Amino acid sequence: MEQVLNDWAFYTFSALAIVSALGVVFFKNIVYAVLSLISTLIMVSGLFFSMGAELIGGLQILIYAVAIVVFYVLVISTVPEFKGNSVDPGYMLVSMPLGFILFLELAYVSLYGIWKEAVGVITPEVEVEVGNTKAVATMLFTKYLFPFEVASIILLVAMIGAIIIGRKNHVIDEEEAK
Amino acid sequence: MLAAEYTPYVALSGLLMVLGLVGIIVRRNLIAMLLSTELMLNAVNIAFVAFDKMLFNVEGQVFVFFILTIAAAEAAIGLGLIMAIYRLRKDVNTETITELKL
């Protein structure tokens, strides 16, 4: 019963994710594209939940579907409506068949390939006992503590960089004005 | 038979990756191209978690955490650059921003 429900969750979430991803790629109006992106992100979060990665699913909604999308909405509200072709027909003619062939290859390999499996220690039994959040957080704060701190520095640098790049009057302009 | 449960997720990740790639190639709007990169990052996240569940590990989920961080940084910097380009050129169309073209 659980397996059947999980299958249905996968089919529903993946179908909606694919439809919304098509919307991201092909909507001419950029606001619709961003709304489709929100839909895709929430569906991907649902896929994480159906795989049993609750921590990542929650973070996906909190960080991606809220914080990052707000960036896009703010920028779109300042840049006026885009004029001109939304998609290039010449590139479309080349990239769609090539992309389809690439997808067929990836799907064939992932569905019929032989993958290495079950080499780690977090078996489903252990995961039920410990809990996904605790397992991931323990790994994050023991083995990957240093990369975690580096990631925080990257965020700080990105924040400062975004402020400096997005500032209206650059320092050089002010010196020239004097 | 546990791996067979998660292979459809890997296939879906491939499809989202290809869609993001096609989006970057065909779109002419800089903001829409950044949106397509977000699609590709999400495809990688799905593959990471699916392989994690196959291998009975949690390290892939830690890397998804890092990808989320980098995606936030990438969005902030990329959109800042787009704002700077827009102030300079009053345009975000890739067909007209061609100074580096030979």
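Scanning chain A for helices and strands turns up eight helices and zero strands. The order of helices and strands in chain A, counted from the N terminus, is α-α-α-α-α-α-α-α. Here the C-alpha radius of gyration of chain A, 22 Å, is well above what a compact globule of 178 residues would show, namely 16 Å. The principal-axis extent of the C-alpha atoms belonging to chain A is close to 70 × 45 × 25 Å. Each of the 178 residues in chain A was classed as buried or not, and the buried ones make up 33%. Accessible surface for chain A amounts to roughly 11300 Å². Of this, 73% is attributable to carbon and sulfur atoms.

Mapped onto the fold, B:Ser13 is located in helix α1 (residues 2-26). At 3.0 Å, the side chain of B:Ser13 and the backbone oxygen of B:Ala43 are in polar contact.

The subject of this paragraph is the packing of aromatic side chains. Tallying each qualifying case throughout the model produces twelve aromatic pairs over all chains. Counting every residue linked through ring pairs, the aromatic cluster contains A:Phe141, A:Tyr144, A:Phe148, B:Phe48, B:Phe63, B:Phe65 and B:Phe66. The ring of B:Tyr86 carries the charged tip of B:Lys90 above its face, separated from the ring centre by 5.4 Å.

This paragraph deals with the interface of chain A and chain B. Every contact between the two is made by 86 residues of chain A and, on the other side, 68 residues of chain B. On the chain A side of the interface with chain B, the three residues burying the most area are A:Met51, A:Tyr64 and A:Tyr72, jointly 10% of the side's total. Along the contact surface separating chain A from chain B lie three salt bridges. A:Lys143 is the salt-bridge partner of B:Glu59, the closest N and O atoms lying 2.7 Å from each other. For the interface between chain A and chain B, the tally reads 15 residue pairs in polar contact (both at pLDDT 80 or more). Mapped by element, the contributors of at least two residues to the side of chain A that touches chain B are α1 (2-26), α2 (30-51), α3 (54-78), α4 (89-112), α5 (124-130), α6 (132-142) and α7 (145-166) of chain A. Tallied by class, residues from the side of chain A that touches chain B come to 59 nonpolar, 18 polar and nine charged.

Residues three or four positions apart in an α-helix share a direction because the helix packs 3.6 residues into each turn. For α3(A), built from 25 residues, the straight-helix expectation of 36 Å at 1.5 Å per residue is met to within 8% by its first-to-last C-alpha distance of 36 Å. Along α3(A), the largest kink reaches about 30 degrees and is centred on A:Val69. Among the residues of α3(A), A:Ile56, A:Gly57, A:Leu59, A:Gln60, A:Tyr64, A:Ala65, A:Ile68, A:Val69, A:Tyr72, A:Val75 and A:Ile76 are the ones counted as buried. Looking at the buried side of α3(A), the elements it contacts are α2 of chain A together with α2 (30-55) and α3 (59-89) of chain B.

This next bit is on the packing of α3(A) against α2(B). Interhelical geometry of α3(A) versus α2(B) gives an angle of 175 degrees and a closest axis separation of 12 Å. Between α3(A) and α2(B), the interaxial angle falls into the category roughly antiparallel. Across from A:Ile56, A:Gln60, A:Tyr64, A:Ile68, A:Tyr72, A:Val75 and A:Ile76 in α3(A), the residues of α2(B) making contact are B:Ile31, B:Leu34, B:Leu35, B:Glu38, B:Leu41, B:Asn42, B:Asn45 and B:Val49. Tallied by class, residues from the contact of α3(A) with α2(B) come to eleven nonpolar, three polar and one charged.

With that settled, consider the side chain of B:Arg28. Within the element layout of this structure, B:Arg28 appears in the loop between α1 and α2. With a relative accessible area of 10%, B:Arg28 lands in the buried category. Polar side-chain contacts of B:Arg28 include one of 3.1 Å to the backbone oxygen of B:Ile25. With sequence-adjacent residues up to four places away left out, B:Arg28 is seen in contact with A:Phe82, A:Asn85, A:Ser86, A:Val87, A:Asp88, A:Tyr91, B:Val92, B:Asn93, B:Thr94 and B:Glu95.

Okay, the packing of α6(A) against α3(B) next. At a closest axis distance of 9 Å, the pairing of α6(A) and α3(B) adopts a crossing angle of 75 degrees. Considering their axes alone, α6(A) and α3(B) lie roughly perpendicular with respect to each other. Residues A:Asn132, A:Val136, A:Met139 and A:Leu140 of α6(A) touch α3(B), and the partners they reach there are B:Glu59, B:Gln61, B:Val62, B:Phe65 and B:Phe66. In terms of residue class, the contact of α6(A) with α3(B) is made up of six nonpolar, two polar and one charged.

Rules used throughout
- Residues numbered from 1 in each chain as written.
- Chains lettered and ligands numbered in written order.
- Predicted model: local features only at pLDDT ≥ 70, side-chain atom pairs only at ≥ 80, totals over all residues.
- Heavy atoms only, no water.
- Helix = DSSP H or I, 4+ residues; strand = E, 2+ residues; numbered from the N terminus.
- Rg over C-alpha atoms; globule rule 2.2 N^0.38 Å.
- Buried < 20%, exposed > 50% of the residue type's maximum accessible area, 1.4 Å probe, protein only.
- Areas by Shrake-Rupley, 256 points an atom, 1.4 Å probe, with all protein chains shown as cover.
- Polar contact = N/O pair within 3.5 Å; in protein donor to acceptor, adjacent residues only side chain to side chain.
- Phe/Tyr/Trp six-rings, centres within 6.5 Å; stacked < 30°, edge-to-face > 60°.
- Lys NZ or Arg CZ within 6 Å of the ring centre and 35° of its normal.
- Contact = heavy atoms within 4.5 Å.
- Buried area = accessible area lost by both parts, 1.4 Å probe.
- Salt bridge = Lys/Arg side-chain N within 4 Å of Asp/Glu carboxyl O.
- Nonpolar A, V, L, I, M, F, W, Y, C, P; charged D, E, K, R; others polar.
- Expected span 1.5 Å × (residues − 1).
- Bend = angle between axes of the 7 residues up to and from the residue.
- Axes fitted to C-alpha atoms, helices over the stretch in contact; angles between N-to-C directions.
- Parallel < 35°, antiparallel > 145°, perpendicular 65-115°, else oblique.

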